[in-house]
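Per-entry structural report
Next come the chains, spelled out residue by residue.
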Amino acid sequence: MNIATPLDSAEIEKSVEVEMHELARIISPGFHQGEPGDAETSADNLTALLRGVSERSIREIENLVDELQALRKKLRSDSDRIEPDIAEHTALSQQVMQLTNIISESVKKLPEAPSINQ
């Protein structure tokens, strides 16, 4: 499975900064020029830019959701694989404890060996 690494905060800040500069570049001419056609063009450019920014954000969110769903699927798969192993380990541990108790009780019942002091 190939999971993309998320952007760190510096990359996000840089991306937002670039988009803000682009937005400012598009908005500025509309405010400085007094012709109505330029303001309309600027508004169209602003609308297109905002649509692009929104679409990029939506794609990033969708990619993150996809990655999280893939991780959830992997966790469930790993859980399904590991659960039987844990159950088997638990059963074996209980058997070992029972055998240890049986051996301990059997040793207690053995007659004491004569001392080998010479």
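None of the values given here were measured: they were computed from a predicted structure. (Residues numbered from 1 in each chain as written. Predicted model: local features only at pLDDT ≥ 70, side-chain atom pairs only at ≥ 80, totals over all residues. Heavy atoms only, no water.)

This part takes up the overall build of the protein. Scanning the protein from terminus to terminus reveals two helices and zero strands. Taken across its 118 residues, the protein has 6% of its residues classed as buried. Of the accessible surface of the protein, which amounts to about 10,500 Å², a share of 58% is contributed by carbon and sulfur atoms. (Helix = DSSP H or I, 4+ residues; strand = E, 2+ residues; numbered from the N terminus. Buried < 20%, exposed > 50% of the residue type's maximum accessible area, 1.4 Å probe, protein only. Areas by Shrake-Rupley, 256 points an atom, 1.4 Å probe, with all protein chains shown as cover.)

All right, on to the confidence of the model for the protein then. Model confidence for the protein is summarised by a mean pLDDT of 79, while 68% of its residues fall at 70 or above. In the model, residues 30-34 has pLDDT below 50 throughout and makes two contacts with residues more than four positions away in sequence or in other chains. (pLDDT = per-residue confidence, 0-100. Contact = heavy atoms within 4.5 Å.)

Once that is clear, we can look at the environment of T100. Within the secondary structure layout, T100 lies in helix α2 (residues 36-109). A distance of 2.7 Å separates a polar side-chain atom of T100 from the backbone oxygen of V96. (Polar contact = N/O pair within 3.5 Å; in protein donor to acceptor, adjacent residues only side chain to side chain.)

A few words now on the pattern of salt bridges. A side chain with one charge can pair with a side chain of the opposite charge if their charged atoms come near. Applying the stated criterion across every chain yields a total of three salt bridges. Between K74 and D78 there is a salt bridge, and its shortest N-O distance comes to 3.0 Å. Taken together, the residues K74 and D78, both in helix α2 and four residues apart, mark about one turn of the helix. You can call D78 partly exposed: its relative accessible area is 22%. (Salt bridge = Lys/Arg side-chain N within 4 Å of Asp/Glu carboxyl O.)

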